[in-house]
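# Structure at a glance
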Amino acid sequence: MTLLPARSLPAAPRVGIFYSAACKGTGAAAHDLADALFSLTGLSLTLAELTRTAPADLAHYDALLLGCPTCGGELPPDWAAAFPAFQELDLAGRAVGLFGCDDQRASPRTFQDALGILAEAAQVSGARLVGSTAVAGYDFSDSRAVFRGRFIGLALDPATQPDLSGDRVRRWVAGLAHELGWPIRLGA
């Protein structure tokens, strides 16, 4: 996996947050991300369950925040069904941030693997991955979502660390805004 250099987005980027509803935690995280992103930047965005979106529509956004839980080390059924079409997308020049939910105690050898699967496909499609996060504070043994010692997106564990999710979401959104050069509202 290679990381592409940062590029700026349009002044009013089209931002889409699409998530799997296979895990209640991922849907809650998507809504929290949308609220935090709007509060911080004022950017308008689209928020939708993956099953209510044609995969081809994802290519119409400048920035995508894609939510995916890991199910037994694999994609959940809704992402698995959309994955062949996702792999065919031309995401050249688009920023893609990934977030997901998993249980590090129950799945220590496959923690957040679904994010790694999506990251590989997004990069092959020309996307620029954004929003890597530190692995400190987690307890797992292996993950396809770790690249160069960092998660390739936002790793949430609502099963064993529910009290940390809110702060992780807010920090991730602030980091994305900084990384992508999105405007920050005064007083936010």
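In what follows, the structure referred to is the one given above.
A brief report on the enclosed structure follows. In this text the structure is predicted, and so the values were computed from the model without any measurement.

What follows covers helix α4 (residues 162–180). Between its first and last C-alpha, α4 extends 27 Å over 19 residues, near the 27 Å set by a 1.5 Å rise per residue. All buried positions along α4 are accounted for by Ser 165, Arg 168, Val 169, Trp 172, Val 173, Leu 176, Ala 177 and Leu 180. Looking one or two residues past α4, Gly 181 carries a phi angle of roughly 70°, positive in sign.

Quick look at the sheet that holds strand β6 (residues 133–134) now. Judged by pairing direction, the sheet is antiparallel, and its three strands sit side by side in the order β6-β8-β7 without closing on themselves. At either margin of the open sheet sits one strand with a lone partner, and together these are β6 and β7 (146–147). With two bridges connecting them, β6 and strand β8 (residues 150–151) associate as antiparallel partners. Note on β8: the bridge partner recorded for Ala 134 is Arg 150.

Moving on to the environment of Arg 168. Relative to the helices and strands, Arg 168 resides in helix α4. Relative accessible area serves as the criterion here: at 8%, Arg 168 is assigned to the buried category. When the C-alpha atoms of Arg 168 and Thr 133 are compared, they prove to be 9.3 Å apart, with 35 residues separating the residues in sequence. A distance of 3.3 Å separates a polar atom in the side chain of Arg 168 from a polar atom in the side chain of Tyr 138.

All chains considered together, the criterion is met by four salt bridges. The closest approach of N and O atoms between Arg 171 and Asp 167, which form a salt bridge, is 2.9 Å. Placement of the pair is Arg 171 and Asp 167 together in helix α4, with a separation of four residues, close to one helical turn. Classification of Arg 171 by relative accessible area gives exposed; the value is 53%.

Moving on to the state of the cysteines. What the rule picks out here adds up to zero disulfides. The cysteine Cys 23 is free of any disulfide, with Cys 101 supplying the nearest cysteine sulfur at 4.6 Å.

Okay, helix α1 (residues 24–41) next. Over its 18 residues, α1 runs 26 Å from end to end, which matches the ideal 26 Å to within 8%, given 1.5 Å per residue. The complete set of buried residues in α1 reads Gly 25, Thr 26, Gly 27, Ala 29, Ala 30, Leu 33, Ala 34, Ala 36, Leu 37, Leu 40 and Thr 41. Looking one or two residues beyond α1, the residue adopting positive phi is Gly 42, at roughly 75°.

One ladder, built from five bridges, connects strand β1 (residues 15–19) with strand β2 (residues 45–49); its direction is parallel. Within β2, the position partnered with Gly 16 by the bridge is Thr 46. Between β1 and its parallel partner β2, the chain crosses via α1, and the hand of that crossover is right-handed.

This part is about the nonpolar core. By size, the foremost hydrophobic cluster in this structure holds 34 residues, and its most contacted members are Phe 86, Val 96 and Leu 98. For this core, the secondary-structure elements that each account for two or more residues are β3 (63–67), α2 (77–87), β4 (95–101) and α3 (113–124). At seven residues, α3 tops the list of elements feeding residues into this core. Apart from residues no more than four positions distant in its own chain, Val 96 is found in contact with Leu 64, Leu 66, Leu 91, Ala 122, Ala 127, Arg 128, Leu 129 and Val 130. By size, the runner-up hydrophobic cluster in this structure holds 26 residues, among which are Tyr 19, Ala 29, Leu 37 and Leu 40.

Notably, Gln 112 is not glycine yet its phi reads approximately 65°, a positive angle. Of the residues examined, Gln 112 reaches a relative accessible area of 0% and is grouped as buried. Backbone geometry places Arg 148, a non-glycine residue, at a positive phi of 55°. Topologically, Arg 148 is positioned in the loop between β7 and β8.

So, how was this worked out
- Residues numbered from 1 in each chain as written.
- Predicted model: local features only at pLDDT ≥ 70, side-chain atom pairs only at ≥ 80, totals over all residues.
- Heavy atoms only, no water.
- Helix = DSSP H or I, 4+ residues; strand = E, 2+ residues; numbered from the N terminus.
- Expected span 1.5 Å × (residues − 1).
- Buried < 20%, exposed > 50% of the residue type's maximum accessible area, 1.4 Å probe, protein only.
- Pairing = 2+ DSSP bridges.
- Polar contact = N/O pair within 3.5 Å; in protein donor to acceptor, adjacent residues only side chain to side chain.
- Salt bridge = Lys/Arg side-chain N within 4 Å of Asp/Glu carboxyl O.
- Disulfide = S-S within 2.5 Å.
- Right-handed = clockwise from strand over helix to strand, strands pointing away.
- Core = buried A, V, L, I, M, F, W, Y, C linked by side-chain atoms within 4.5 Å.
- Contact = heavy atoms within 4.5 Å.

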